[in-house]
Amino acid sequence: MKKKDIKILLVDDEPDILEIVGYNLSNEGYQVITAENGQEGVKTAKKELPHLIILDVMMPEMDGIEACEIIRKNPDLKNTIVTFLTARGEDYSQVAGFDAGADDYITKPIKPKVLVSKVKALLRRFKEEDVVDTVKVGSLEINRDEYKIIYKGKEMILPRKEFELLSLLASKPGKVFKRDEILDAVWGNEVIVGGRTIDVHIRKLREKLGDKSFKTIKGVGYKFVD
């Protein structure tokens, strides 16, 4: 997919952020749409169906966390990447953001080169649309092309990073994936995340697929058990 075909929705109540971030992303060739608060962001997302949404956490009317939760419940936005834009501490931003269904976060103050690099990393999968891949493990079927899973006959839509983590672990049932290996495969070298990131995502997957599907290897990593 070409850059000119990619839509990015930027939601922030600070005009300076909208201008600076919007300018840098537009310069890269992306279509940039803006909204000034969470409510407006949700409405715009439903209308425009962007590929990527960059959400500020603290906003009037509706904050980014609530907006993300609403967006994640919309089937039309199931393939949309959501990343938070925040100046708040890592513990709150990452855990609350990932719980709401976000794929990543970008911290303020924003450095243009870092911003562009991170956006490119997040959008990387849209360049691989011609790859069709399905993994079947017992009662679990993973459709990588459509970013959906079928578990025990029921279709489920997972937030992007949860899907990618599950897809990685289920690709080799019984294999222990080291934490560094997981971070590199799911988040990539260009994306900086905290040490609790994997644990938060594993917890969310356990809530949806059951504790028995995932085994923790203390001090090493995780493996998928069918």
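Here, every reference points to the structure presented above.
Just so it is clear, the structure is predicted and the values come from calculations on it, not from any experiment.

A.B. asks: Outline the environment of glutamine 39, supporting the account with residue identities and numerical values.
C.D. replies: For glutamine 39, the position within the fold is in helix 2 (residues 38–48). We classify glutamine 39 as partly exposed; its relative accessible area is 37%. Separated by 27 residues in the primary sequence, glutamine 39 and glutamate 66 have C-alpha atoms spaced 9.3 Å apart. Apart from the residues within four sequence positions on either side, glutamine 39 is in contact with Glu61 and Met62.

A.B. asks: How would you sum up the pairing of strand 1 (residues 7–11)? Please name residues and give values.
C.D. replies: Counted residue by residue, strand 1 has four buried out of five residues, so it is predominantly covered. In the sheet, strand 1 pairs with strand 2 (residues 31–35) via five bridges, with the strands oriented parallel. Each bridged residue has a counterpart across the sheet, and for leucine 9 the counterpart in strand 2 is isoleucine 33. Handedness of the crossover joining strand 1 and strand 2 through helix 1 (residues 15–27) is recorded here as right-handed. Sheet analysis places strand 1 next to strand 3 (residues 52–56), joined by four bridges and oriented parallel.

A.B. asks: Give me the lowdown on unusual backbone geometry, citing residues and values where you can.
C.D. replies: Within the chain, glutamate 61 stands out as a residue other than glycine whose phi angle is a positive 70°. Within the secondary structure, glutamate 61 sits in the loop between strand 3 and helix 3 (64–72). For lysine 152, which is not glycine, the phi dihedral falls at a positive 55°. When you line up the elements, lysine 152 lands in the loop between strand 8 (148–151) and strand 9 (154–156). Here lysine 152 falls in the exposed class, since its relative accessible area comes to 63%.

A.B. asks: Go over the sheet that holds strand 3, please, and point to the residues and values.
C.D. replies: Taken together, the five strands give an open sheet; going across it, the order is 2-1-3-4-5, and neighbouring strands pair in parallel fashion. Where the open sheet ends on each side, the last strands, each with one partner, are strand 2 and strand 5 (104–107). Shown here is a sheet whose adjacent strand axes are inclined to one another by a mean of 20°, direction ignored. The sheet contacts of helix 5 (residues 112–122) involve strand 1, strand 3, strand 4 (81–86) and strand 5, and relative to strand 5 the element is tilted by about 175°.

A.B. asks: Quick rundown of helix 3? Include the residues and the values.
C.D. replies: Among the residues of helix 3, those classed as buried are Gly64, Ile65, Ala67, Cys68, Ile71 and Arg72. Taken around the axis of helix 3, the buried residues stretch over an arc of 160°, which confines them to a single face. Its side-chain oxygen at 3.2 Å from the backbone nitrogen of isoleucine 65, aspartate 63 defines the N-terminal cap of helix 3.

What counts and how
Residues numbered from 1 in each chain as written. Predicted model: local features only at pLDDT ≥ 70, side-chain atom pairs only at ≥ 80, totals over all residues. Heavy atoms only, no water. Helix = DSSP H or I, 4+ residues; strand = E, 2+ residues; numbered from the N terminus. Buried < 20%, exposed > 50% of the residue type's maximum accessible area, 1.4 Å probe, protein only. Contact = heavy atoms within 4.5 Å. Pairing = 2+ DSSP bridges. Right-handed = clockwise from strand over helix to strand, strands pointing away. Axes fitted to C-alpha atoms, helices over the stretch in contact; angles between N-to-C directions. Arc of directions from axis to C-beta. Polar contact = N/O pair within 3.5 Å; in protein donor to acceptor, adjacent residues only side chain to side chain.

Everything listed here is a matter of geometry and, on its own, says nothing about what the molecule does.
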